[in-house]
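Architecture at a glance
Next come the chains, spelled out residue by residue.
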Amino acid sequence: MSSLNKILIPFDFSEASVNGLEYAVNFVGDKRPINILGLYVGTMPISESDNEKLEKDFLKLLDSFDVKLKTTPKFITDTGEVISTILSAQQRSNADLIMMGTMGDKITDEAITNTSKLVLEANCPVISIPYGTSIQEPKNIALVMGGEKIDDKEVLETLLDVARTFNARVHVLTIYKDSVYDEEAIKESNEKLLEYYLEHFYAEHTFRKSKDVEQGILDYIKQKNIDLLTILPRNHTEKSTPSEGRLTKLLTLHSEIPVLALD
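Conventions and cut-offs
Residues numbered from 1 in each chain as written. Predicted model: local features only at pLDDT ≥ 70, side-chain atom pairs only at ≥ 80, totals over all residues. Heavy atoms only, no water. Phe/Tyr/Trp six-rings, centres within 6.5 Å; stacked < 30°, edge-to-face > 60°. Buried < 20%, exposed > 50% of the residue type's maximum accessible area, 1.4 Å probe, protein only. Axes fitted to C-alpha atoms, helices over the stretch in contact; angles between N-to-C directions. Helix = DSSP H or I, 4+ residues; strand = E, 2+ residues; numbered from the N terminus. Parallel < 35°, antiparallel > 145°, perpendicular 65-115°, else oblique. Left-handed = near helix turned anticlockwise from the far one by under 90°. Contact = heavy atoms within 4.5 Å. Nonpolar A, V, L, I, M, F, W, Y, C, P; charged D, E, K, R; others polar. Core = buried A, V, L, I, M, F, W, Y, C linked by side-chain atoms within 4.5 Å. Pairing = 2+ DSSP bridges. Polar contact = N/O pair within 3.5 Å; in protein donor to acceptor, adjacent residues only side chain to side chain.

Quick word on the packing of aromatic side chains
Taken as a whole and judged by the stated rule, the model has 7 aromatic pairs. Aromatic side chains Phe11 and Phe13 sit 4.7 Å apart centroid to centroid with 70° between the ring planes, which places their arrangement in the edge-to-face category. For Phe11, a relative accessible area of 2% gives the class buried. Taken together, the ring pairs connect Phe11, Phe13, Tyr40, Phe58 and Phe75 into an aromatic cluster.

Re the packing of helix α3 (residues 82-93) against helix α4 (residues 114-121)
Where α3 contacts α4, the axes come no closer than 10 Å and their chain directions differ by 45°. Viewed along their axes, α3 and α4 adopt a mutual orientation that is oblique. Crossing hand, α3 versus α4: right-handed. Facing α3, whose interface residues are Val82, Ile83, Ile86 and Leu87, α4 presents Asn114, Lys117, Leu118 and Glu121. Among the residues forming the contact of α3 with α4, the class breakdown is 5 nonpolar, 1 polar and 2 charged.

A short note on the nonpolar core
Residues Leu21, Phe27, Met99 and Leu143 are the most contacted members of the largest nonpolar core, which totals 45 residues. Looking at which element gives the most residues to this core, the answer is helix α1 (residues 15-28), with 6 residues. Apart from the residues lying within four places of it in its own chain, the contact partners of Met99 are Ile7, Leu8, Ile9, Pro10, Tyr23, Ala24, Phe27, Ile127 and Ile129. In this structure, Ala95, Leu118, Ala122 and Ala261 belong to the second largest nonpolar core, which totals 17 residues.

Points about the packing of α1 against helix α2 (residues 48-64)
Look at α1 against α2: their axes get within 10 Å of each other, and the N-to-C directions meet at 55°. As judged from the angle between their axes, α1 and α2 are oblique. Our pair here, α1 against α2, has a crossing hand that is right-handed. Residue-level inspection shows Val18, Leu21 and Val25 of α1 in contact with α2, the latter providing Phe58, Leu61 and Leu62. Residue composition of the contact of α1 with α2, by class: 6 nonpolar, no polar and no charged.

Section: the sheet that holds strand β7 (residues 169-176)
What the 10 strands build is an open sheet, ordered β3-β2-β1-β4-β5-β10-β9-β6-β7-β8; its pairing is mixed. Among the strands making up the open sheet, the edge pair consists of β3 (74-79) and β8 (202-209). Pairs of neighbouring strands in the sheet enclose a mean axial angle of 25°, with direction left out of account. Pairing between β7 and β8: 7 bridges, direction parallel. Bridge pairing in β8 places Leu173 opposite Thr206. Seen against the sheet, α2 touches β2 (35-42) and β3 and runs at an angle of roughly 140° to β3. Sitting on the sheet, α4 touches β4 (97-102), β5 (126-130) and β10 (259-261), and the angle it makes with β4 is about 155°.

Details of the side chain of His205
One can find His205 in strand β8. A polar contact is formed between the side chain of His205 and the side chain of Thr174, at a distance of 2.8 Å.

If you want it as structure tokens, here you go:
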């Protein structure tokens with residue numbers, strides 16, 4: 001049974017959010033009973049008439065995607081700081097996943113988008129959807145891992161759900177800068193866990209040397225025709241120091257394909 005029952009989609013009618021919504025609708029498709037909850041966050045209180053108009057425009061946009069969803073989407077509005085309001089809505093609604101469009105660094109190279117911040121702060125899986133990404137089903141998924149032993153095994157459940165849904169192959173990638181010794185030392189324990197939890201969808205585990213970890217990942221994406229990049233946060237690994245999130249920020253800013261951050 002799938003653990004994906006409800007997806008929260010922050011939406012502000014920008015180009016990035018429209019692209020993200022279209023991706024999410026096609027992700028859910030016409031056969032999966034997954035609830036979509038659209039969330040508009042305003043900086044000022046929203047009147048009842050404006051609220052009704054926003055909802056009407058949202059549903060009209062959904063119809064334009066020409067995908068007959070099995071479950072009728074819902075739309076809500078709220079007021080406050082964007083990230084904290086989204087996180088509160090996720091907890092209240094018990095959404096299993098957040099999907100959010102992003103412009104990445106298309107506006108300014110130094111931009112740290114709301115989506116990047118959300119990915120770091122959320123306590124649930126988040127898929128960031130870059131503007132301009134292809135609206136297609138993920139068939140080749142890359143899971144990026146460091147050299148740490150996986151501790152929280154249940155975090156792989158969402159990845160397995162996605163792989164099952166789209167019959168996708170999961171390619172595991174480890175980038176190392178100097179010596180591969182430590183990575184190889186723990187490879188066997190992780191390998192057994194990956195084979196068990198990802199079932200027959202697990203394709204391979206590749207080790208590559210690169211001084212620039214981000215560039216190594218982006219090169220791998222192109223070489224393997226990856227259409228969904230998955231990040232396993234360090235707070236789900238054993239005996240490791242939690243990352244400050246620099247690589248996560250960079251990937252959500254620079255990746256041209258959707259990025260799934262597991263949490």
